[in-house]
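Architecture and fold: a report
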Amino acid sequence: MTNINQRVVVELVERSYPIEIGSGIVADVAAALSRLQRVTKAMVISDENVATHYASVVDASLRQAGIEFSLLRVPAGEVSKSAANAEMLWRKMLDLGADRSTVVIALGGGVVGDLAGFVAATYARGIPFFQIPTTLLAQVDSSVGGKVGINLPGAKNMVGAFWQPIGVLIDIDVLTTLPIREYRAGLAEVVKYGMILDADFFQFLCDRVEPINTREPNVLAEIVACCCQLKADVVREDERELTGRRSVLNYGHTFCHAIEAATEYGAYLHGEAVAIGMLCASRLAERLGRIDADVTQLQEDLLNRLELPTKVPENLQSEDLLALMQRDKKVEHGKLRYVLPTRVGHVELVDDVQPSDALAAIEASR
Ligand code: NAD
Ligand code: GLY
């Protein structure tokens with residue numbers, strides 16, 4: 001039996017859309033689409049792993065509803081977020097007769113969501129796009145808010161757009177097949193929401209580590225709904241990251257991106273590097289007198305209990321990480337902005353940080 005038990009709306013005037021969250025609901029994708037608009041033709045974009053598990057369920061639903069569709073697969077992994085794949089998909093869609101009323105359905109994690117969204121944003125100057133996120137990271141973060149894009153060699157997410165989906169369908173049950181490391185990486189972003197926006201939610205997580213570690217579906221549905229609501233609120237206030245409000249979502253990400261780049265994206269999953277990055281940012285806030293050490297300790301304890309990495313690896317030089325941070329695309333007018341906590345549940349943007357303090361924060365996180 002399918003069961004929609006949570007609904008969040010991303011309020012963006014004419015671009016508003018619902019996020020439906022439940023168990024087994026991927027089997028009802030056609031009904032979810034028909035609640036949004038008339039759909040006669042769809043392009044389902046997925047990766048090899050996800051398609052193996054879930055393409056047949058989507059297939060059955062669309063077929064039964066009489067929606068003409070094609071399944072377009074890309075290999076699993078970050079390398080698929082490429083200009084070559086975008087072009088391959090544009091060409092296939094052209095061959096298959098996709099037009100402005102065709103809906104692109106992203107069935108997969110953040111890689112598929114970003115790539116399929118970018119293809120939808122650009123094909124025929126933009127066609128409707130629907131998200132079925134299948135990783136925890138995609139369910140709590142990347143499927144919400146409309147950032148879509150691809151990588152250039154050496155520059156992650158360098159080409160992209162803001163292109164909101166017409167709807168998001170989150171099936172908690174798909175998380176059962178997610179590899180454990182990917183699941184835990186998604187939990188780092190969950191902890192991030194508690195730290196940046198909601199102290200009660202942070203406490204909720206601390207109180208439920210056991211059911212989280214065993215992927216208890218009701219707890220997960222509650223967590224995903226809370227994260228989507230928190231992100232929806234931020235996106236509503238600053239859809240295009242112009243006022244700084246949306247930047248709070250980048251807590252830990254300046255240090256994280258440097259760690260990912262220094263390890264050539266091979267040693268850590270994004271969420272794992274976010275976990276380490278949040279602790280670096282928190283220690284920087286300590287150095288600047290913004291928080292006491294116990295705020296960092298609370299995060300470290302929770303991340304440890306969720307079995308996420310918490311230390312900057314010994315083989316990475318602090319100076320090298322700092323140099324990479326200066327090159328981060330979030331440097332504006334030559335200034336690096338940090339997202340730093342003032343307490344659990346609140347962060348601020350700080351742009352007058354001395355490099356020596358950032359270095360010391362990295363050193364203190366080993
Ligand atoms: P991913 O899409 O690569 O998925 C991780 C792995 O899990 C892949 O091998 C995939 O095939 C597999 N997988 C996915 N769902 C599965 C399931 N239910 N069962 C079994 N296997 C499954 O990785 P991700 O962490 O979801 O996304 C990372 C990407 O998201 C990065 O490219 C990042 O830049 C992007 N991102 C975008 C935003 C945004 O706002 N657009 C935000 C955060 C991250
Ligand atoms: N993941 C950051 C954002 O969506 O803005």
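Our subject in this report is the structure included herewith.

Residues of helix α7 (residues 199–207) that are buried include every one of F201, F202, F204, L205 and C206, and no others. Buried-residue contacts for α7 involve α6 (180–197), α8 (209–213), α9 (217–237) and α12 (293–305). The backbone nitrogen of D200 has a side-chain oxygen 3.1 Å away, supplied by the residue at the start of α7, namely D198.

Residues in close proximity to ligand 1 total 26 residues, the closest being D47, E78, G110, T135 and T177. Within the contact set of ligand 1, a nitrogen atom lies 2.8 Å away from a side-chain nitrogen or oxygen of T134. Within the side chain of K156, one N or O atom sits 3.1 Å away from an oxygen atom of ligand 1. When isolated, ligand 1 has an accessible area of 870 Å², and the protein chains bury 88% of it. Broken down by secondary-structure element, the contributors of at least two residues to the shell around ligand 1 are α2 (48–64), α4 (110–122), α5 (136–142) and β8 (155–162). Ranked by residue count, the leading element in the shell around ligand 1 is α2, at 4 residues. Grouping the constituent residues of the shell around ligand 1 by class yields 8 nonpolar, 9 polar and 9 charged.

In this fold, S318 is placed in helix α13 (residues 318–326). By relative accessible area, which is 2% here, S318 ends up buried.

A separate point is the site of ligand 2. Contacts to ligand 2 come from D141, K147, K231, R246 and L249. The side chain of D141 places a nitrogen or oxygen atom 3.1 Å from a nitrogen atom of ligand 2. Between an oxygen atom of ligand 2 and a side-chain N or O atom of K147, the distance comes to 2.9 Å. Here ligand 2, which alone exposes 200 Å², has 85% of that area covered by the protein. Residues that form the shell around ligand 2 fall into these classes: 1 nonpolar, no polar and 4 charged.

Enumeration over the complete set of coordinates arrives at 24 salt bridges. With a closest N to O distance of 2.8 Å, D59 and R63 form a salt bridge. Of this pair, D59 and R63 both sit in helix α2, 4 residues apart, which is roughly one turn of the helix. Taking relative accessible area as the criterion, D59 reaches 24% and is therefore assigned partly exposed. R366 is paired through a salt bridge with E363; the nearest N and O atoms lie 3.3 Å apart.

So, how was this worked out
Residues numbered from 1 in each chain as written. Chains lettered and ligands numbered in written order. Predicted model: local features only at pLDDT ≥ 70, side-chain atom pairs only at ≥ 80, totals over all residues. Heavy atoms only, no water. Buried < 20%, exposed > 50% of the residue type's maximum accessible area, 1.4 Å probe, protein only. Helix = DSSP H or I, 4+ residues; strand = E, 2+ residues; numbered from the N terminus. Contact = heavy atoms within 4.5 Å. Polar contact = N/O pair within 3.5 Å; in protein donor to acceptor, adjacent residues only side chain to side chain. Near = heavy atom within 4 Å. Areas by Shrake-Rupley, 256 points an atom, 1.4 Å probe, with all protein chains shown as cover. Nonpolar A, V, L, I, M, F, W, Y, C, P; charged D, E, K, R; others polar. Salt bridge = Lys/Arg side-chain N within 4 Å of Asp/Glu carboxyl O.

Purely geometric stuff here, so don't read any function into it on its own.
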